[in-house]
Amino acid sequence: MSPLLIVVILGFCIAVNAQAPKPCETPAQWQCDRTEVNRQTKELIKMKYFYDLTNLRKRHIEVVKQGSEVDYFDRIEIYKEKKRIPSQPEREDMPSGTSN
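Residues numbered from 1 in each chain as written. Predicted model: local features only at pLDDT ≥ 70, side-chain atom pairs only at ≥ 80, totals over all residues. Heavy atoms only, no water.

Undergrad: Can you walk me through the overall build of the protein chain in this structure?
TA: If you tally the helices and strands in the protein chain, you get 1 helix and 4 strands. Reading the helices (α) and strands (β) of the protein chain from amino to carboxyl end gives α-β-β-β-β. For the protein chain, the residues scored as buried account for 7% of the 100 residues in total. In the protein chain, the proportion of contacts linking residues at least 24 apart, taken out of those at least 6 apart, comes to 11%. As displayed, the protein chain has an accessible area near 9,900 Å², and 56% of this comes from carbon and sulfur atoms. (Helix = DSSP H or I, 4+ residues; strand = E, 2+ residues; numbered from the N terminus. Buried < 20%, exposed > 50% of the residue type's maximum accessible area, 1.4 Å probe, protein only. Contact = heavy atoms within 4.5 Å. Areas by Shrake-Rupley, 256 points an atom, 1.4 Å probe, with all protein chains shown as cover.)

Undergrad: Explain the environment of Glu81 to me, please; I cannot follow it from the model alone.
TA: You can see Glu81 is positioned in the segment after strand E4 (69–78). With a relative accessible area of 46%, Glu81 lands in the partly exposed category. Distance from Glu81 to Asn55, taken between C-alpha atoms, is 9.0 Å for residues 26 residues apart in sequence.

Undergrad: Would you mind going over the packing of aromatic side chains with me for this structure?
TA: Think of a pair of aromatic rings as described by two things: how far the centres are apart, and how the planes are tilted against each other in angle. Overall, the coordinates contain 2 aromatic pairs when judged by the stated rule. Taking 5.6 Å as the distance between ring centres and 35 degrees as the angle between the ring planes, the aromatic pair formed by Trp30 and Tyr51 counts as tilted. Of this pair, Trp30 sits in strand E1 (residues 29–38) while Tyr51 sits in strand E2 (residues 43–52); the two residues are 21 residues apart in sequence, bridging distant segments of the chain. On the basis of relative accessible area, Tyr51 is assigned to the partly exposed category, the value being 24%. By the ring-pair criterion, three or more aromatic residues cluster together here, those being Trp30, Tyr49 and Tyr51. (Phe/Tyr/Trp six-rings, centres within 6.5 Å; stacked < 30°, edge-to-face > 60°.)

Undergrad: Got a minute to help me understand the pairing of E4 in this structure?
TA: Every other side chain in a regular strand lies on the same face of the sheet, so the side chains alternate between the two faces. Looking at chain direction, strand E3 (residues 57–66) and E4 are connected through 10 bridges and run antiparallel. Along E4, the bridge assignment pairs Ile61 with Asp74. Taking the residues that link successive antiparallel strands as the turn, the E3-E4 hairpin has 2 residues, and the phi of Gly67 there is positive, at about 70 degrees. (Pairing = 2+ DSSP bridges.)

Undergrad: Sorry, what's going on with the pattern of salt bridges here?
TA: Pairing of side chains with opposite charge becomes possible as their charged atoms draw close. Using the criterion set out here, one finds 5 salt bridges in the structure. As a salt-bridge pair, Arg34 and Glu36 come within 2.6 Å of each other at their nearest N and O atoms. Residue Arg75 is joined to Glu77 by a salt bridge in which the shortest nitrogen-to-oxygen separation is 3.4 Å. For Glu77, a relative accessible area of 25% puts it in the partly exposed group. (Salt bridge = Lys/Arg side-chain N within 4 Å of Asp/Glu carboxyl O.)

Structure (structure tokens):
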């Protein structure tokens, strides 16, 4: 074996061992699709999932087909925005002139 080949292999081993291991990072935004088929019930479910770490949002869209019937579901989760649900309007008093 030539000395040059030994030096190259030794240098390669040193370079590989010198790398500091670090965990993988998940992308800040991603999406995926999923399809489920149930042949017994003749049901087809198509789903889409969106994830946004930057704006702290998730969205789940689902289309369910069973026979000729189609149902749509869309759910959004927003963590950054703290929206307040408007309160119910107060009941108006009975108009004057009416009695109980």
